[in-house]
Amino acid sequence: MTDNQRSQTPSPNLHKGMITHLEMQDIKVDEATTEYAAPNASHTQEEERLFIRRLDRRVLPWIMILYMLSYLDRSVLGNSVALGIKQDLHLVGSEYEWAGALFYCATFAFGTIGGLMLKVVKPRYYLAGCCIGWGGMAAAQAAATGFASLGAIRFLLGLFEASFAPGCAFYLSFWYTKDELTLRIAAYAGTSAISGVIGGLVSYAFGFASQNVLKQWQWLFIAEGIPTIIVGILTPFILPDRPEQVKPRWMSDKEHAIALDRRNRYVKNASDDGINWSHVRAGFMDYRLWFFAVIYAGLSLSLAVISIFLPSLLSVMGFAGYKSNLMTVPPYAVGYFGLLLLSWVSGRIHQRGILISLAAAVGGVGYLLVGLVSGSAVRYFGAFLVVGGTYWSFPIVLAWIANTFATDSKAATGLGAVIAVTHAVGIAAAHIFPSNQAPQYRMGSIVSAALMLAAAIGAIVMRQLLHAENRRRDRLQTDGSGPVALGAAADKDPNFRYVL
C-alpha cells in the first residue's frame, strides 16, 4: 500500500443547504478499511455517515457564517474609501495605509494564542466572545474622527479576529477527521470570497444613501458590525464544545459515542484536556511549521492586498467612485466557486501540494498582469487571476497544516503560529501599494507576484520532503494503519503518514 493510499478516505457529503451548487459523491468505503470505521467500533459506517451529515447541517454552516462575517468586517475599510472616508477623516500621506496595517500588527501579536485557547476555554463561548468583540469594533469605526481613533479601533478589531482565525480550523478538527477536513475548511474559508461579493454590493448600495445624519461610510460600518454582534450572541446556543466535554443537547448518546471514537481514531487519547506544552514546544521546533509559514506568507500578503486595496486598484482601471466596489464582485465570485471545486478535487485525488502550487502560480501571473500591463481589460483579467489564485489555495494550506501535526496542542500551535507570522506580511501589504505609484502600482504587484511564486515553489518542495519521510517509514515496515501514540513525538510516530 502506498503512502497516498493510506491517506485516502472518500469525502462525505457537504452541507447541501449553503453549497447546493456542488454535487457531492456518496461515501463508498471498503468494509475492510479502518480509516472510516475504527476497529471494534460500536457503530456502523452508515451511522457514522449520518452523523457527519448532521455535523454538516448543524456545525459547519454556523462556522461558515462566522468566518464570512470576520472577513466582511476586516475588509469594510477598503470599501469605505470610495465613500469618502479619507477625505472626511483628513487622512494624509500614509495614514490610511497605517490604519490598515495596525489590524495586522494585532493579528501578528496575538494570533498564536487563538487555537490554544480552545483547549482552555469552552469553544462556543470563546468563539462567541471573539465574534461580539470584532463586530463591536467594526461598528465602532463609524465613530472614528481621525487617524488616531481609526488606528486604535483597527488594532482592537485585529486583536479579536486574531484569536478567531486559527481557532476556526482547529475547532473543526475536533469534529472531523483529517480526511474530511479539507473540504470543510474550504467551505468556511470560501465564505471570505462571498464576503467580498456581499461587501461590494452593500457598499455600492450605501453609495446612494442620504448623508443628512451620518456619512455613507459611517452607515456602512454600522450596517456590517451590528449583524455580527447578533450572530455572536447566538453562537453559544448553536455550536457544541469539544466532543469530550459536555454532550450537546441536540446530540444523541449514540452520536456522542461516535464523536468520541472519531477523536481517538488516529491519535490515542487525543481528547486530552488543557494545553500540552511539550507539544507546543515540539511545534515551534518542527521545521515544517516554518516551511508552511513561507508558503502561507505569499497567500497572506495577497489576502491583505485584496482586502485593503482591490477597490482602489480597480478605480485606476477606469471604474470610478463607488462603481469600483461593484466591480469587485465578479472576481470574488470566481474565487469562491473555484475554491470549492479545487478543494473537492483535492479531497478526491488526495493531494495538497501540487494544487496549492498551481493555484499560487496563477495568482502570481495575475499580479504581473496588474502591475506590468497598461490595458484596463487585461489588468481586470489579472485581478480575476489574483483573487482566484489566492482563494483557491489558502484553505488547502490550512487543511494541510492541520493534517501534518498529529495532536491538538501541536496543530493549534502550527495553525496559530503560521497565521500570526504571515500576518506580519500583511503589515507590509499596507505600504507596498502607495498612492503615488498609481495607476500601475508596479512595486506592490512585483513583490506580491514574487511571494506568490515562492509559495508555489515552496508547496512542491514541502510535498517532496513529506513524501520522502513517508517512504522512509515504509521501509520500517509499518503499514500506517494504527493510531499514533500520543506523546512528544506524535506525528513522528512510525505509524503516522503525512498527507501530500
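Relevant structure appears above.
Now for a quick tour of the structure. (Residues numbered from 1 in each chain as written. Predicted model: local features only at pLDDT ≥ 70, side-chain atom pairs only at ≥ 80, totals over all residues. Heavy atoms only, no water.)

## Section: the side chain of arginine 288
Inspection of the secondary structure assignment puts arginine 288 in helix H14 (residues 287-315). With residues up to four places along the chain from it excluded, the contact list for arginine 288 reads Thr404, Phe405, Met462, Leu466, Glu469 and Tyr498. (Helix = DSSP H or I, 4+ residues; strand = E, 2+ residues; numbered from the N terminus. Contact = heavy atoms within 4.5 Å.)

## Structural notes on the pattern of salt bridges
In total, this model carries 16 salt bridges according to the counting rule given. Here glutamate 48 and arginine 262 are joined by a salt bridge, their closest N and O atoms 2.8 Å apart. Of this pair, glutamate 48 sits in helix H2 (residues 45-58) while arginine 262 sits in helix H12 (residues 253-263); the two residues are 214 residues apart in sequence, bridging distant segments of the chain. Just as glutamate 48 is buried, arginine 262 falls in that class too. Where glutamate 255 meets arginine 54, a salt bridge forms, and the shortest distance between an N and an O atom there is 2.7 Å. One end of the pair, glutamate 255, is in helix H12; the other, arginine 54, is in helix H2, with 201 residues separating them in the sequence. Because the salt bridges share partners, they merge into one network encompassing Glu48, Glu180 and Arg262. (Salt bridge = Lys/Arg side-chain N within 4 Å of Asp/Glu carboxyl O. Buried < 20%, exposed > 50% of the residue type's maximum accessible area, 1.4 Å probe, protein only.)

## Concerning helix H18 (residues 376-404)
Here H18 contains 29 residues, and its C-alpha end-to-end distance of 42 Å stays within 8% of the 42 Å for a straight helix at 1.5 Å per residue. Taking burial as the measure, the 29 residues of H18 include 25 buried ones, the bulk of the element. (Expected span 1.5 Å × (residues − 1).)

## Re the packing of H14 against helix H19 (residues 408-429)
Remark: H14 packs on H19, axes separated minimally by 7 Å, with the N-to-C direction vectors making an angle of 45 degrees. One finds that H14 runs oblique with respect to H19. Considering how the two elements wind past one another, H14 and H19 form a crossing that is right-handed. Together, Leu289, Trp290, Phe292, Ala293, Tyr296, Ala297, Ser300, Leu301, Ala304, Val305 and Phe309 of H14 and Thr413, Gly414, Ala417, Val418, Ile419, Val421, Thr422, His423, Val425, Gly426 and Ala429 of H19 make up the contact between the two elements. Considering only residue class, the contact of H14 with H19 consists of 16 nonpolar, 6 polar and no charged. (Axes fitted to C-alpha atoms, helices over the stretch in contact; angles between N-to-C directions. Parallel < 35°, antiparallel > 145°, perpendicular 65-115°, else oblique. Left-handed = near helix turned anticlockwise from the far one by under 90°. Nonpolar A, V, L, I, M, F, W, Y, C, P; charged D, E, K, R; others polar.)

## What to know about empty space enclosed by the protein
Under the definition given, this model contains 5 cavities of 30 Å³ or more. Considering only enclosed or pocket space, the second largest cavity measures out at about 130 Å³ in volume. Those elements that provide at least two residues to the lining of the second largest cavity are helix H3 (60-80), H14 and H19. The element that contributes the greatest number of residues to the lining of the second largest cavity is H14, accounting for 4 residues. (1 Å grid on protein atoms, 1.4 Å probe; cavity = no way out; pocket = protein on both sides within 12 Å on 5 of 7 lines; lining within 4 Å. Points joined across faces, edges and corners; volume = space filled by probe spheres on them.)

## Here's the deal with the packing of aromatic side chains
Under the criterion given, the structure shown has 17 aromatic pairs. Aromatic side chains phenylalanine 110 and phenylalanine 155 sit 6.4 Å apart centroid to centroid with 75 degrees between the ring planes, which places their arrangement in the edge-to-face category. Remark: phenylalanine 155 occurs in helix H8 (residues 147-175) and phenylalanine 110 occurs in helix H5 (residues 95-110); sequence separation between them is 45 residues. An angle of 75 degrees between the planes, with centres 6.5 Å apart, marks the rings of phenylalanine 292 and phenylalanine 405 as edge-to-face. Of this pair, phenylalanine 292 sits in helix H14 while phenylalanine 405 is found in the loop between H18 and H19, placing the two residues 113 residues apart along the sequence. A relative accessible area of 0% means that phenylalanine 292 is categorised as buried. Three or more aromatic residues link up through ring pairs in this structure, and these residues are Tyr67, Tyr71, Trp134, Phe164 and Tyr188. For arginine 74, the ring lying beneath its charged end belongs to tyrosine 71, and the centroid distance is 4.0 Å. (Phe/Tyr/Trp six-rings, centres within 6.5 Å; stacked < 30°, edge-to-face > 60°. Lys NZ or Arg CZ within 6 Å of the ring centre and 35° of its normal.)

## Remarks on the nonpolar core
Most often, soluble globular proteins have nonpolar side chains that are buried together. Within the largest apolar cluster, 134 residues are counted, with the highest numbers of intra-cluster contacts made by Ile63, Tyr171, Tyr188 and Tyr391. For this core, the element with the most residues is H14, which contributes 16 residues. Contacts of tyrosine 171, omitting those with residues within four sequence positions, involve Val59, Ile63, Leu118, Pro123, Leu127, Leu239 and Pro240. (Core = buried A, V, L, I, M, F, W, Y, C linked by side-chain atoms within 4.5 Å.)

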